[in-house]
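Structure at a glance
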Amino acid sequence: MSLGLSRREILTGVLAMPLISGMMVTTPVDGMSSGDSGATVPVPARNFGAAVRPDQLSSENALCDAIRGCQILVPEYHGQWSAVEWRRGDPWYGNYDAICDFAERNGQIVRGHSLIWEKMTPDWARDEMAERRDWRTIERHFATLVPRYRGRISEWVVVNEMIDTQDGDHGLRRTSFQRAYGNDYVRRALETARALDPSAKLMINDYSLVYDNPIDEARRNRMLRLVEDLKARNVPLDMVGIQGHLELAKGKVDQRRTARFLKDLAAMDVEIAITELDVLESDMSLPIPNRDARVASTVHDLLDVALDQPAVRSVVTWGLSDQDSWLQDRARSTREAQTCSPVDCHRLNRGLPFDGEMKPKPMQIALSRVRALA
Ligand code: G3I
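Residues numbered from 1 in each chain as written. Predicted model: local features only at pLDDT ≥ 70, side-chain atom pairs only at ≥ 80, totals over all residues. Heavy atoms only, no water.

A few words on empty space enclosed by the protein. Counted under the stated rule, the structure contains 4 cavities of 30 Å³ or more. If you add up the space inside the largest cavity, you get close to 60 Å³. What lines the largest cavity is Ala51, Val52, Gln56, Leu63, Ile67, Glu76, Trp318, Gly319, Leu320, Ser321 and Asp324. Counting only elements with at least two residues in the lining of the largest cavity, the list comes to β3 (47-52) and α2 (62-68). (1 Å grid on protein atoms, 1.4 Å probe; cavity = no way out; pocket = protein on both sides within 12 Å on 5 of 7 lines; lining within 4 Å. Points joined across faces, edges and corners; volume = space filled by probe spheres on them. Helix = DSSP H or I, 4+ residues; strand = E, 2+ residues; numbered from the N terminus.)

To continue, consider the site of the ligand. Around the ligand sit 14 residues, and of these Glu76, His113, Glu161, Glu276 and Trp318 come closest. A distance of 3.5 Å separates an oxygen atom of the ligand from a polar side-chain atom of Gln80. His113 has a polar side-chain atom sitting 2.8 Å from an oxygen atom of the ligand. Spatially, the ligand is embedded in the largest pocket. (Near = heavy atom within 4 Å. Polar contact = N/O pair within 3.5 Å; in protein donor to acceptor, adjacent residues only side chain to side chain. Sits in = over half its atoms within 2 Å of the grid points.)

To continue, consider unusual backbone geometry. With an omega of -10°, the peptide bond running from His113 to Ser114 counts as cis. With a phi close to 55°, Glu161 is a non-glycine residue in the positive phi region. Inspection of the secondary structure assignment puts Glu161 in the loop between β6 (155-160) and α7 (176-181).

Moving on to the sheet that holds strand β8 (residues 239-247). Through backbone hydrogen bonds, the strands of a sheet pair up, either in parallel or in antiparallel fashion. The strand order β3-β4-β5-β6-β7-β8-β9-β10 describes a closed barrel built from 8 strands, whose pairing is parallel. For this sheet, the mean inter-axis angle between neighbouring strands, taken without regard to orientation, is 30°. Helix-sheet contacts for helix α6 (residues 136-145) involve β5 (109-116) and β6, and the interaxial angle to β5 is about 160°. (Pairing = 2+ DSSP bridges. Axes fitted to C-alpha atoms, helices over the stretch in contact; angles between N-to-C directions. Contact = heavy atoms within 4.5 Å.)

A word on the layout of surface pockets. Counted as a void, the largest pocket has a volume near 570 Å³. Lining the largest pocket are 25 residues; nearest its centre among them are Trp117, Lys119, Glu161, His245 and Trp326. Classifying every residue of the lining of the largest pocket by side-chain character gives 10 nonpolar, 7 polar and 8 charged. (Nonpolar A, V, L, I, M, F, W, Y, C, P; charged D, E, K, R; others polar.)

Across the interface, helix α5 (residues 123-132) lies against α6 with an axial gap of 9 Å and an inter-helix angle of 145°. For the pair α5 and α6, the contacting residues are Trp124, Ala125, Glu128 and Met129 in the first and Thr137, Ile138 and Arg140 in the second. Split by residue class, the contact of α5 with α6 holds 4 nonpolar, 1 polar and 2 charged.

Before going further, it helps to spend a moment on the packing of aromatic side chains. For the coordinates displayed, the defined rule picks out 6 aromatic pairs. When the centroid spacing of 5.8 Å and the interplanar angle of 90° are considered together, the rings of Trp81 and Trp124 count as edge-to-face. Here the residue Trp81 occupies a position in helix α3 (residues 81-84), and Trp124 occupies one in helix α5, the gap between them amounting to 43 residues. One aromatic cluster is present, formed by Tyr93, Tyr96, Tyr149 and Trp156 through successive ring pairs. Cation over ring: Arg148 sits above Tyr93, and NZ or CZ is 3.8 Å from the ring centre. (Phe/Tyr/Trp six-rings, centres within 6.5 Å; stacked < 30°, edge-to-face > 60°. Lys NZ or Arg CZ within 6 Å of the ring centre and 35° of its normal.)

With respect to the secondary-structure elements, His141 resides in helix α6. Accessibility expressed as a relative area gives 2% for His141, which makes it buried. (Buried < 20%, exposed > 50% of the residue type's maximum accessible area, 1.4 Å probe, protein only.)

And the structure:
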């Protein structure tokens, strides 16, 4: 096409039309992507998904319609250990079941999130691990969930946010698991999950991996070493999740280093998932069109490299509507520091595909690339 338009402009322009209704592009397409070698490689359609909460699935509205347009659903909170088994021995599955029921009705994949994450570990489990250092605490937890959802949850975030190159132990976060079982707990967790559901894809998931700064660089290197070690020991690791919590204050996504990182991961025979994509704004006093353009531009920057890597098989945003974004808490200081329009949806951090009134934004058009011909 010789309209003097960039690839990005062609994709977002052509694909914008089906999105005016706010629906995601859902027709699977087989794309052709030119990897960094320049050769075209057949790239099956990638999946798009979003973090959801059960209450978002029960009302017939634009948000629920947009959720139906996803291929992957991820419980934003209700799949966490402390959300399922706040009291030992008294698990409650209602929210997880509701998300799985909705997904089954709509032919969608459910990604379990997450089997172990320090922040959402119930206090009784922390105490038990500290006292007993007995892996049966973890085995029991996994056995509570994984077999129950066999055939319903096809991907599990087994370990969430295990890297800490600043204060960790050999680059691994000092958590209840690491203290009780040592740094090898990641391997044990993956093997335990595999034994309980041999058909599910198993992943680890972490953040701060895409910017040009010493911390992200150290974290990328630590993730590579962790994956290399696990794969060398034939540990059942199928996927690596790269959290896409982008922050405009951090500057531009480092496309060169991120592309290299994704290529090095792909060389270790793992599928890559861009997870938890959203954007924290840095200046909410700008006119809305400028704010939305900045958000979309940084999402394009990440997708430019992610969608050029055939091993990247899915992109999941951490919600669909600004109204429900966890970022509103984090944006409070920015909002209070700057005079914002009194209209509520203007006061929201605008880091998800749809605004507070479910109007699609340029970010939503940018994301149409995920399901489009590469
Ligand atoms: O549902 C209860 C509600 O009944 C109660 O009244 C209210 C007040 O206590 O809490 C509600 O639960 C909250 C839940 O979000 C649902 O909104 C929890 O307190 C709150 O801790 C929980 O926060 C979630 C957080 O993870 C901790 O699980 C955020 O929504 C979620 O966006 C965030 O997601 C994490 C990823 O899992 C991992 N990566 C970072 C990302 C952002 O922190």
